[in-house]
Amino acid sequence: MPPLNPSLIDTGSPPIPQIQAWGQGYDGWHGPLLNLCQAVPAYPPPPAMLARLAEAAGSAEAAAYGPIQGDAALREAYAAHLRSLYGGDCAAGQVAITAGCNQAYFVAMMALARRGEAVLLPTPWYFNHAMTLDMLGIEARALPCDAASGFLPDPDRAEALLDGGVRAIVLVTPNNPTGAIYPAALIERFQSLCQRRGIWLVLDETYRDFLPPGREQPHALPAGGWPENLIQLTSFSKSFAIPGHRLGALAAPEALLPELGKVMDCVQICANRPAQAAVAWGIEALAGWRAAKRAEMAERAEAMRAVFDRLPGWRLEALGAYFAYVRHPFGVTSAWEVARTMAAGHGLMALPGPAFAGEEAHLRIAFANIDLATIRALEPRLRRVAEEAASPAGRESRAQRPPALPAAGYGRSPAAPDAHRGP
Ligand SMILES: Cc1ncc(COP(=O)(O)O)c(C=O)c1O
């Protein structure tokens, strides 16, 4: 094969397929295989949304190319939604509709930085954010966050990492992978820092609709007029339970939109038009449904907290939106190996901290995928992971043995992929 782009070769692979492959080897001994590694809603969109999608998909109009920046109805509806949420100014001309939030991020990064420059990402980071930068030849500069500070990034520490090459700081709140919810005052400090240093602040608020009830307003940054250095990203995948329809959005200073449009025209031409029509309707019409899902997710989060309160050895270190970020009880054992044993031997597919450039001690458990009863059933299953690791004999007594694992239960896995590079 002729040579490929070395920046792409050097980019790590997405970790979820690896965990799912290990899960395929699970023998069902401990109960059903649970997908705790992917942030997807376990429920379908409401019937009225499906009907709108079907109706729009059946129209000749939605089969045609649409405007690069998105259909006017959705741009208007989303701008109005941002105004009502943040209490500030946002015009439809500041909104671009993308094929999902991942694409919104890709478009933003292509616009803000070039090969050899850098973007600051708090770690643990969302792996696709780092992968995008890697493949574009932009340095993903790590801003480490830890459990002691609730995985909140420190603006002073961030400032110390800024040099002339850093073009932007990216914050994800509520966070993936930790679930940490950044206080409005912290987001505003980052905004001031970025403004003072003449760089961009990019806020990925994919999980904004899953802030706990009573905390609906994430911050009020645009209240005094949209800051000249702010790009806000969102996803309709989780909020409307339509990840397969690939729809997201970004809001930015209006002057940036023509530049973003150049990238968007090359990578998407226009976003999925039936989904644009359905979401334009759903932003208002499904506000009640989304509030109910917000409450449901908060209930699941509390159920996760209760499970980890009772589990010896395991420690819940952060919780929010779709995610529990936990410390496993297996000491210095590689988190990839823990994840492999959990998936292949126990049917619990979770992602290890190093997949996010995080610590070996951590696992991310995405609980949006499982209902309350299944969350409660996690307790005995996680207990058994620890028991079997402590007593390989217990594992041997199973009628069907799990896939071959190192005798001690945990060790360096030859199959563990090259974890996405860490700081
Ligand atoms: C922080 C974050 N940003 C973006 C995305 C991608 O969302 P979309 O499906 O809209 O591309 C995800 C999905 O998991 C995410 O967690």
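Residues numbered from 1 in each chain as written. Predicted model: local features only at pLDDT ≥ 70, side-chain atom pairs only at ≥ 80, totals over all residues.

S.K.: Just to check I follow, could you spell out the packing of helix α5 (residues 101-112) against helix α9 (residues 257-267) for this structure?
M.R.: The packing of two helices is summarised by the inter-axis angle and the distance between the axes. Two numbers describe how α5 lies on α9: the axes approach to 9 Å, and their chain directions differ by 125 degrees. One way to sum up the angle between α5 and α9 is to call them oblique. As α5 runs across α9, the sense of the crossing is right-handed. Listed contacts from α9 to Q103, V107, M110 and A111 of α5 are E259, L260, V263, M264 and V267. Across the contact of α5 with α9, the residue classes break down as 7 nonpolar, 1 polar and 1 charged. (Axes fitted to C-alpha atoms, helices over the stretch in contact; angles between N-to-C directions. Helix = DSSP H or I, 4+ residues; strand = E, 2+ residues; numbered from the N terminus. Parallel < 35°, antiparallel > 145°, perpendicular 65-115°, else oblique. Left-handed = near helix turned anticlockwise from the far one by under 90°. Contact = placed C-beta atoms within 7 Å. Nonpolar A, V, L, I, M, F, W, Y, C, P; charged D, E, K, R; others polar.)

S.K.: Please explain the sheet that holds strand β3 (residues 118-123) as it appears in this structure.
M.R.: Within a sheet, neighbouring strands are paired by backbone hydrogen bonds and run either parallel or antiparallel to one another. Read across the open sheet, the 7 strands follow the order β2-β8-β7-β6-β5-β3-β4; overall the sheet is mixed. Sheet topology places β2 (95-98) and β4 (139-144) at the edges, where each strand pairs with a single neighbour. Adjacent strand axes in the sheet meet at a mean angle of 25 degrees, parallel and antiparallel pairs treated alike. Pairing between β3 and β4: 6 bridges, direction parallel. Counterpart to P122 in the pairing with β4 is L143. Contacting β2 and β8 (248-251), helix α4 (residues 72-86) runs over the sheet at an angle of about 120 degrees to β2. Those strands touched by helix α8 (residues 184-197) are β5 (166-172), β6 (200-204) and β7 (230-235), and its axis lies near 150 degrees from that of β6. (Pairing = 2+ DSSP bridges.)

S.K.: Looking at this structure, how should I read the domain arrangement of the chain?
M.R.: The parts lose accessible area when they come together, and the size of an interface is often stated as this lost area. Here the domain parsing of the chain yields domain 1 (6-44 + 289-395) and domain 2 (47-285). Spacing between the C-alpha centres of domain 1 and domain 2 amounts to 26 Å. Taken together, the elements giving at least two residues each to the side of domain 1 that touches domain 2 come down to α1 (6-9), α11 (287-310), β9 (315-320) and β10 (323-327). Counting residues per element, the side of domain 1 that touches domain 2 draws most heavily on α11, which supplies 5 residues. (Domains from an automatic or database assignment.)

S.K.: Help me out: how do you make sense of the pairing of strand β13 (residues 362-366) in this one?
M.R.: On any regular strand, side chains alternate: one points to one face of the sheet, the next to the other face. Most of β13 sits out of view: 5 of its 5 residues are buried. Relative to β13, β10 runs antiparallel, the two sharing 5 bridges. Note on β13: the bridge partner recorded for V326 is L363. Bridge count between strand β12 (residues 351-352) and β13: 2 bridges; the pairing is antiparallel. Paired with L351 across the two strands is R364, which belongs to β13. (Buried ≥ 20, exposed ≤ 12 C-beta atoms within 10 Å, placed from the backbone.)

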